[in-house]
Amino acid sequence: MMQTRSLIGRIAHASGIAAEDAACAAVAADGWTIVARRKRTAAGEVDVVAEKAGVLAIIEVKSRPTLAEAAVALSARQRARLVAACEIVLGEHPEWGANGVRFDILVVDAAGRVRRIADAFRAGEL
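No experiment lies behind these values; they were computed from the predicted model shown. Residue indices follow the written sequence of each chain, beginning from 1 at its first position. The predicted origin of the model limits local features to residues at a pLDDT of at least 70 and limits the giving and counting of side-chain atom pairs to 80 or more, whereas totals for whole chains, interfaces and linings rest on all residues. Hydrogens and water molecules were not included; the side-chain quantities draw on all heavy atoms of the structure.

Visitor: Explanation requested: the pairing of strand β1 (residues 33-41) in the structure shown.
Guide: Two faces make up the sheet, and in a regular strand the side chains alternate between them. Here, strands pair whenever DSSP counts at least two bridges between them. In DSSP terms, a helix is any run of H or I states spanning at least four residues, a strand is any run of E spanning at least two, and both are numbered starting from the N terminus. Pairing between β1 and strand β2 (residues 44-52): seven bridges, direction antiparallel. Opposite arginine 40, over in β2, you have glutamate 45 as the bridge partner. Linking β1 to β2, which pair antiparallel, is a turn of two residues.

Put into structure tokens, the structure is as follows:
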């Protein structure tokens, strides 16, 4: 039983890393510079932090069997965690995001298709 759980965890982790790889490739192809990946903060981890033209994107990657399932997978609690983590990241790197900050969700389906939900939510909307 424990071996099965461990195997499932390893598969889920590998799937998450693959989704993050696909998301980072899409972000970079769109002209963004990845400034951090799997950025750990006291508030939690940010999957990807990217910057373009002075705009900082705090990016959460969600992988599900379909894009629609992935698009609705971010809970209010996770949004609050991302906002708190963003405040820490900006405190550590005040030079990032000179022209603003936005929160994006990149959804990845089982086929590896990636879609970006730009400016998916705002800090005050939690």
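Visitor: Any chance you could explain unusual backbone geometry here in plain terms?
Guide: A positive phi angle, close to 55 degrees, is found at arginine 38, a residue other than glycine. Relative to the helices and strands, arginine 38 is located in strand β1. For the exposure calls, accessible area comes from a 1.4 Å probe over protein chains only, and a residue counts as buried if that area is under 20% of its type's maximum, exposed if over 50%, partly exposed in between. The class for arginine 38 is partly exposed, based on a relative accessible area of 32%. The phi torsion at aspartate 119 lies on the positive side, around 50 degrees, for a residue other than glycine. With respect to the helices, strands and loops of the structure, aspartate 119 is situated in strand β5 (residues 114-121).

Visitor: How do you make sense of the environment of isoleucine 59 when you look at a structure like this?
Guide: Take isoleucine 59: it is sitting in strand β3 (residues 55-63). Judged by relative accessible area, isoleucine 59 falls into the buried class, the value being 0%. Spatially, the C-alpha atom of isoleucine 59 lies 6.0 Å from that of phenylalanine 103, the residues being 44 residues apart in sequence. In contact with isoleucine 59, not counting residues within four places along its chain, are Val27, Val46, Asp47, Val48, Ala50, Asp104, Leu106 and Arg116. What makes two residues a contact is simply this: any of their non-hydrogen atoms within 4.5 Å.

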